[in-house]
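Spelled out from the first residue to the last, the chains are:
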Amino acid sequence: MTNRITIAQAAQFVDQTVEVPGWLYNLRKSGKIVFPILRDGTGLMQCVAMKNNLPEEVFESLKHLTQESSLIVTGKLRAESRAPGGYEMDVEAVEILQKVSEADPYPITPKEHGTEFLMDHRHLWLRSQRQHAIIRVRHEIIKATRDYFDNNGFTLVDTPIFTPAACEGTTTLFEVNYFDDEKAYLTQSGQLYNEANAMAFGKVYCFGPTFRAEKSKTRRHLTEFWMVEPEMAFADLEEIKRVAEQFVVYIVGRVLDRRREELKVLERDTSKLELVQSPFVRMSYDDAVKNLQANGSEIQWGGDFGGGDETILTRQFDRPMLVDRFPSEIKAFYMAPDPDRPEVALGVDVLAPEGYGEIIGGGQRIHDPELLLRRIEEHKLPKEAFDWYIDLRKYGTVPHGGFGMGIERAVAWICGLEHIRETIAFPRMLYRLRP
RNA sequence: UCCUGAGUAGCUCAACGGUAGAGCAUUCGGCUGUUAACCGAAGGGUUGUAGGUUCGAAUCCUACCUCAGGAGCCA
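Residues numbered from 1 in each chain as written. Chains lettered and ligands numbered in written order. Predicted model: local features only at pLDDT ≥ 70, side-chain atom pairs only at ≥ 80, totals over all residues. Heavy atoms only, no water.

1. Brief notes about the protein's contact with RNA strand B
Here is step 1: In the vicinity of RNA strand B there are 51 residues, among which Asn26, Asn52, Pro110, Arg219 and Arg409 approach most closely.
Here is step 2: Restricting the count to atoms of RNA strand B within 4 Å of the protein gives a sugar and phosphate share of 47%.
Here is step 3: Contact between RNA strand B and arginine 212: a sugar or linking oxygen at 2.6 Å from a side-chain N or O atom of the residue.
Here is step 4: Within the backbone of lysine 217, a nitrogen or oxygen atom sits 3.2 Å from a base oxygen of RNA strand B.
Here is step 5: Those elements that place two or more of their residues in the surface near RNA strand B are strand 2 (17-30), strand 3 (33-39), strand 4 (44-50), helix 2 (115-120), strand 12 (224-233) and strand 17 (357-364).
Here is step 6: Considering only residue class, the surface near RNA strand B consists of 13 nonpolar, 17 polar and 21 charged. (Near = heavy atom within 4 Å. Polar contact = N/O pair within 3.5 Å; in protein donor to acceptor, adjacent residues only side chain to side chain. Helix = DSSP H or I, 4+ residues; strand = E, 2+ residues; numbered from the N terminus. Nonpolar A, V, L, I, M, F, W, Y, C, P; charged D, E, K, R; others polar.)

Below, the structure is given as structure tokens:
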């Protein structure tokens, strides 16, 4: 019985005859010799078939095989420096599962394509090398994220996707029918529920999809994206900043450690990632505004950063920066004010370098019951909807806080991508719901 | 939602008022070490849609549709 292996295992089976199931990635031929390149999801393997060593019909069927046809090849493996991947198979037998029709060939050829075409064929585009590299880095970031929190005393407590109302009043929500006469909304943050979980478990995190119905049309926005949100009881702003920084250092380190090959495929300048070490740059909002004004920005104290502002700031440093103490006015109702300066909130953003900008937003939450009630009123929010949230401040309230990191933004930064759309298998954007 | 730009062969693009073209892909032929292989040939088009200007429109004008980039908002 012949061993069935994956291409990634080739090195362990040199000089043995094995069978490899996969898809035809490309085929080069030269008269009496053909080089089918096989793809199986774990890598690429070049095969060699010579007319003189094979039955006529086997050689002919291989010679006319079309791109992405599915097949199982059997043959002997050899180390071969000329072959991509370093190993090559001398074909002995071929079983073709399906030959892709010449009348309707695989649309994504080895030549260049535009983004519209590729996005329309996203279900097939995922077969390409570059997409594999990105999705594997994403996988590593997610695994590292879970490992980081699991190893640091956090309990995973996921929060609901269906919610009865806005978590944060400002942004738009996707509305869905919830049975007969009730409306529900897709969550845009697990944070409020996370606070309840933190009061139950101490340190928690949730990790799941979130939805924003904002009509944002930029290279940094998805309408459906994944967010990890840790929340800690008994934590102040300094502790939140410490965890955020240590977490970012950890995930970048893990990708450098385990996904070098993928970063190479993506032509990522890893020297930039090596610099992601503690301590990060720390700057108050006040200083950031002064810095921006000195560098030509129109920003006034009290305003939020524009996309250009983040670029101006982050280009000055080679590692991520933590910006804290934003004006309370521009932040959510639950943000704790600085006791020494009530006009600023104890919030923090982590801005990725190289112009990537905000990947993390978070801060300390209000734990004083009366202040929270006042803020709910000031923001004209329906108090009844927040009864349970207010309860958290009635039964043993403690200082607490946390942050959220958008996974896709982190992936885009770590992979060095131009656009967030490639960081998730099937991106959902303002004008893209299909495939 | 607003601003800017682009829609020509399956794909990537050229032709910018006078008979619509190339490379890749597909088919056929050639080649025993190719590396997005190469060489030769063939098929392939209501130029996004609708209207207008003109003797004549892919090309100029108007509207609409689609996509991309940016703004605002955010992770």
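2. Brief notes about the layout of surface pockets
Here is step 1: Approximately 370 Å³ is the volume found for the second largest pocket.
Here is step 2: For the lining of the second largest pocket, the elements supplying multiple residues, two or more each, are helix 10 (307-314), strand 17 and helix 13 (407-415).
Here is step 3: The residue inventory of the lining of the second largest pocket, partitioned by class, reads five nonpolar, six polar and ten charged. (1 Å grid on protein atoms, 1.4 Å probe; cavity = no way out; pocket = protein on both sides within 12 Å on 5 of 7 lines; lining within 4 Å. Points joined across faces, edges and corners; volume = space filled by probe spheres on them.)

3. Looking at the nonpolar core
Here is step 1: By size, the foremost hydrophobic cluster in this structure holds 62 residues, and its most contacted members are Phe149, Phe247, Val248, Ile360, Trp413 and Ile414.
Here is step 2: With eleven residues, helix 6 (residues 237-258) is the largest single contributor of residues to this core.
Here is step 3: One finds Ala10, Val18, Val34 and Leu71 within the second-largest nonpolar core, a separate group that totals 23 residues. (Core = buried A, V, L, I, M, F, W, Y, C linked by side-chain atoms within 4.5 Å. Buried < 20%, exposed > 50% of the residue type's maximum accessible area, 1.4 Å probe, protein only.)

4. As for the environment of phenylalanine 179
Here is step 1: The topology assignment puts phenylalanine 179 in the loop between strand 9 (175-178) and strand 10 (182-186).
Here is step 2: Here the alpha-carbon distance between phenylalanine 179 and glycine 303, two residues 124 residues apart in the chain, equals 42 Å.

5. A word on the sheet that holds strand 8 (residues 162-163)
Here is step 1: The three strands are arranged 8-10-9 in an open sheet whose pairing can be described as antiparallel. At either margin of the open sheet sits one strand with a lone partner, and together these are strand 8 and strand 9.
Here is step 2: Looking at chain direction, strand 8 and strand 10 are connected through two bridges and run antiparallel. Paired with threonine 163 across the two strands is tyrosine 185, which belongs to strand 10. (Pairing = 2+ DSSP bridges.)

6. Quick look at the environment of lysine 217
Here is step 1: Assignment of secondary structure puts lysine 217 in the loop between strand 11 (203-211) and strand 12.
Here is step 2: Look at lysine 217 and you get exposed, because its relative accessible area is 66%.
Here is step 3: Beyond its immediate chain neighbours, meaning those up to four positions away, lysine 217 contacts Leu430 and Tyr431. (Contact = heavy atoms within 4.5 Å.)

7. Notes on the pattern of salt bridges
Here is step 1: Considering all chains together, one arrives at 39 salt bridges under this definition.
Here is step 2: Where arginine 242 meets glutamate 239, a salt bridge forms, and the shortest distance between an N and an O atom there is 3.0 Å. Placement of the pair is arginine 242 and glutamate 239 together in helix 6, with a separation of three residues, close to one helical turn.
Here is step 3: Judged by its relative accessible area of 26%, glutamate 239 is partly exposed.
Here is step 4: Its salt-bridge partner being aspartate 318, residue arginine 319 comes within 3.9 Å of it at the nearest N-O pair.
Here is step 5: For arginine 319, a relative accessible area of 23% translates into the label partly exposed. (Salt bridge = Lys/Arg side-chain N within 4 Å of Asp/Glu carboxyl O.)

8. A closer look at the domain arrangement of chain A
Note on interface size: it is often stated as the accessible area lost on association of the parts.
Here is step 1: What the domain assignment lists for chain A is domain 1 (3-98) and domain 2 (123-423).
Here is step 2: Put simply, the middle of domain 1 and the middle of domain 2, counted by C-alpha atoms, are 46 Å apart.
Here is step 3: The interface of domain 1 with domain 2 comprises seven residues on the first partner and four residues on the second.
Here is step 4: Taking both sides of the interface into account, the surface hidden between domain 1 and domain 2 amounts to around 430 Å²; carbon and sulfur atoms contribute 45%.
Here is step 5: Counting across the interface, domain 1 meets domain 2 through one salt bridge.
Here is step 6: Of the charged contacts, one joins arginine 127 and glutamate 68 as a salt bridge, the two residues approaching to 2.8 Å between their closest N and O atoms.
Here is step 7: For the pair domain 1 and domain 2, the number of links is two residue pairs in polar contact (both at pLDDT 80 or more). (Domains from an automatic or database assignment. Buried area = accessible area lost by both parts, 1.4 Å probe.)

9. Quick look at unusual backbone geometry
Here is step 1: Of note, the bond from serine 278 into proline 279 is cis; its omega dihedral lies within 30 degrees of zero at -5°.
Here is step 2: When you line up the elements, proline 279 lands in the loop between helix 8 (270-274) and strand 13 (281-284).
Here is step 3: At arginine 325, a residue that is not glycine, the phi angle is positive and equals roughly 60°.
Here is step 4: With respect to the element layout, arginine 325 can be found in strand 14 (residues 321-327).
Here is step 5: Even without being glycine, glutamate 354 reaches a positive phi, approximately 60°.

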